[in-house]
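Chain by chain, the residues run as shown.
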Amino acid sequence: MAIREIIEVPDPRLKQVSTPVERFDDELKTLVADMFETMYDAPGIGLAAIQVGVPLRVLVIDLQPDDPDAEPEVCTAHGDHHHTHQPTKREPHVFINPEILDPSEEHIVYNEGCLSVPEIYAEVERPARIRARWQDLEGNVHEEAMDGMMAICLQHEMDHLEGVLFIDHLSRLKRQMALKKLEKLRRAA
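Residues numbered from 1 in each chain as written. Predicted model: local features only at pLDDT ≥ 70, side-chain atom pairs only at ≥ 80, totals over all residues. Heavy atoms only, no water.

A. Here's a closer look at the UniProt feature "active site" (unreviewed entry) in the protein. Under the local residue numbering, the UniProt record ascribes the feature "active site" (unreviewed entry) to Glu-157. Its place among the elements puts Glu-157 in helix α2 (residues 148–161). Apart from residues no more than four positions distant in its own chain, Glu-157 is found in contact with Gly-46, Leu-47, Ala-48, Gln-51, Leu-59 and Ile-61. (UniProt positions renumbered as here; feature names shortened; annotations may be inferred. Helix = DSSP H or I, 4+ residues; strand = E, 2+ residues; numbered from the N terminus. Contact = heavy atoms within 4.5 Å.)

If you want it as C-alpha cells, here you go:
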C-alpha cells in the first residue's frame, strides 16, 4: 500500500469523466488499497480514483463512526487544552462502477468539503435518499437503499466520476468566493 498524491483544483484532471472498470484484477485491488490509505492519511471519509489521478469509476468511503465499545482517548494535539475523543471504527466501503437508480424527491442540505478543494466548506443540496447499484472488488453487483451521511457522501464522490466538484453546485459568486479563499490559504501557507 502507498499514500498517493491527492490532486487539487484547478488541476484539469478533476474535470474529466472517469471510465468504467472492466478488469477486476490485482492492479485494481492495489489502487483501492492505496486509495484507502491515502484517504485515512488525509484525513477524509471518501475518495474517488480521479482524485489520485486515475480516471476510473472507483470510490472508497468510510464514514468512520464513533466506536461506542472503545475507551475515550486523551487528546494533546491542542497545546494546553487536554480533552478526550471517542475512537472511531473503520467501516470501509468500495464502490466500483456505481450508479444512482432512484433519488428521492426530498432534498437535504449538508455542509460539504473535499480533499481536492482543501479547507473550503459549503452547503450543497442533494437528494435525501437514493438507491445505488455498484460492483465490489470481485465484480459482484450490489444494490442498496441509502440515506443520511452515506447517501450524501456517495453522491459527492460520484460527482467526481463525472468531472463535477461540490463547488460546481454553488452559485457562480459563491464558487468564485470559495476559490479566492483557497487561493488566499495557499499563499499564506
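B. Here's a closer look at the pattern of salt bridges. The final tally for this structure, using the stated rule, is 14 salt bridges. Between Arg-57 and Glu-162 there is a salt bridge; the shortest N-O distance is 2.5 Å. One end of the pair, Arg-57, is in the loop between β1 (46–48) and β2 (58–61); the other, Glu-162, is in the loop between α2 and α3 (172–188), and 105 residues separate them in sequence. We note a salt bridge from Arg-126 to Glu-112, for which the minimum N-O separation is 2.7 Å. Highlighted residues: Arg-126 in strand β7 (residues 117–127) and Glu-112 in strand β6 (residues 107–114), separated in sequence by 14 residues. For the pair Arg-126 and Glu-112, a shared accessibility class is recorded, and that class is buried. Taken together, the shared-partner salt bridges connect Glu-99, Arg-131, Arg-133 and Glu-143 into one network. (Salt bridge = Lys/Arg side-chain N within 4 Å of Asp/Glu carboxyl O. Buried < 20%, exposed > 50% of the residue type's maximum accessible area, 1.4 Å probe, protein only.)

C. Highlighting the nonpolar core. Membership of the largest hydrophobic core comes to 19 residues, with the highest contact counts inside it found for Leu-31, Met-35, Leu-47 and Val-58. If we skip the residues at most four places from it in the chain, Val-58 touches Val-21, Leu-28, Leu-31, Val-32, Met-35, Leu-47, Ala-48, Ala-49, Phe-95, Ile-96 and Leu-161. (Core = buried A, V, L, I, M, F, W, Y, C linked by side-chain atoms within 4.5 Å.)

D. Looking closely at the UniProt feature "binding site: Fe cation" (unreviewed entry) in the protein. The feature "binding site: Fe cation" (unreviewed entry), as given by UniProt, occupies Cys-114, His-156 and His-160 in the numbering adopted here. A compact arrangement is adopted by the annotated residues: their sequence extent is 47 residues, whereas the largest C-alpha distance between any two is 10.3 Å. Mapped onto the fold, Cys-114 is located in strand β6. Using a relative accessible area of 9% as the deciding quantity, one classes Cys-114 as buried.

E. Structural view of the environment of Asp-66. With respect to the secondary-structure elements, Asp-66 resides in the loop between β2 and β3 (73–75). Residues Asp-66 and His-85, spaced 19 residues apart in sequence, show a C-alpha to C-alpha distance of 9.1 Å. Excluding residues within four positions of it along the chain, Asp-66 makes contact with Gln-86, Pro-87, Thr-88 and Lys-89.

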